[in-house]
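# Architecture at a glance
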Amino acid sequence: MILVAIGGFFGAIARFWLSSQFNSTAFPFGTLGVNVLGAFLLGLLIGSGAGESARLLFGTGFLGAFTTFSTWLFEAEQMKMKKAFLYIFLTCAVGFFGAWLGL
């Protein structure tokens, strides 16, 4: 649990900082980037064959707090339908590609 907590602490801070740097009122590029980068990094972690401690610290802890499903859905809900669909599609499609690339 300590590894998950430490990773989660740093993942949440990293997400907050990156999202605040790149989100704009026109489109939440920060959240999109964080979720795609997180998918890529999780793919790298799993593909590397990392041990259980590394998976707990970085996968469950850091990347679990770094990526965010609730923020993604909240931002999509605030958009008009066409923009929300684009945002959801980009996050899923590019996120899957990032995870695949990481693997």
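All values reported here derive from a predicted model rather than from experimental measurement.

## Topic: the overall build of the protein chain
Within the protein chain one finds five helices and zero strands. Starting at the N terminus, the α and β elements of the protein chain follow one another as α-α-α-α-α. Each principal axis of the C-alpha atoms in the protein chain carries an extent, and together these give about 45 × 25 × 20 Å. By residue count, 32% of the 103 residues in the protein chain fall in the buried class. Restricting the contact set of the protein chain to residue pairs at least 6 apart, pairs at least 24 apart contribute 72%. When the accessible area of the protein chain is evaluated, it comes to approximately 6,600 Å², of which 77% is carbon and sulfur surface.

## Some points on helix 5 (residues 81-102)
The terminal C-alpha atoms of helix 5 lie 31 Å apart, and with 22 residues this matches the ideal 32 Å at 1.5 Å per residue to within 8%. Among all positions in helix 5, only A84, Y87, T91, G95, G98 and G102 are buried. The buried residues of helix 5 occupy an angular sector of 80° when the element is viewed end-on, so they sit on one face. Across helix 5 from its buried face, at more than 90 degrees, point the exposed residues M81, K82, F85, F96 and W100. Residues of helix 5 that are buried in the fold lie against helix 2 (29-47) and helix 4 (69-77).

## Regarding the packing of aromatic side chains
Within the structure shown, the criterion is met by seven aromatic pairs. Put simply, the rings of F27, F29 and Y87 touch in pairs and so form one group of aromatic residues.

Criteria and thresholds
- Residues numbered from 1 in each chain as written.
- Predicted model: local features only at pLDDT ≥ 70, side-chain atom pairs only at ≥ 80, totals over all residues.
- Heavy atoms only, no water.
- Helix = DSSP H or I, 4+ residues; strand = E, 2+ residues; numbered from the N terminus.
- Buried < 20%, exposed > 50% of the residue type's maximum accessible area, 1.4 Å probe, protein only.
- Contact = heavy atoms within 4.5 Å.
- Areas by Shrake-Rupley, 256 points an atom, 1.4 Å probe, with all protein chains shown as cover.
- Expected span 1.5 Å × (residues − 1).
- Arc of directions from axis to C-beta.
- Phe/Tyr/Trp six-rings, centres within 6.5 Å; stacked < 30°, edge-to-face > 60°.

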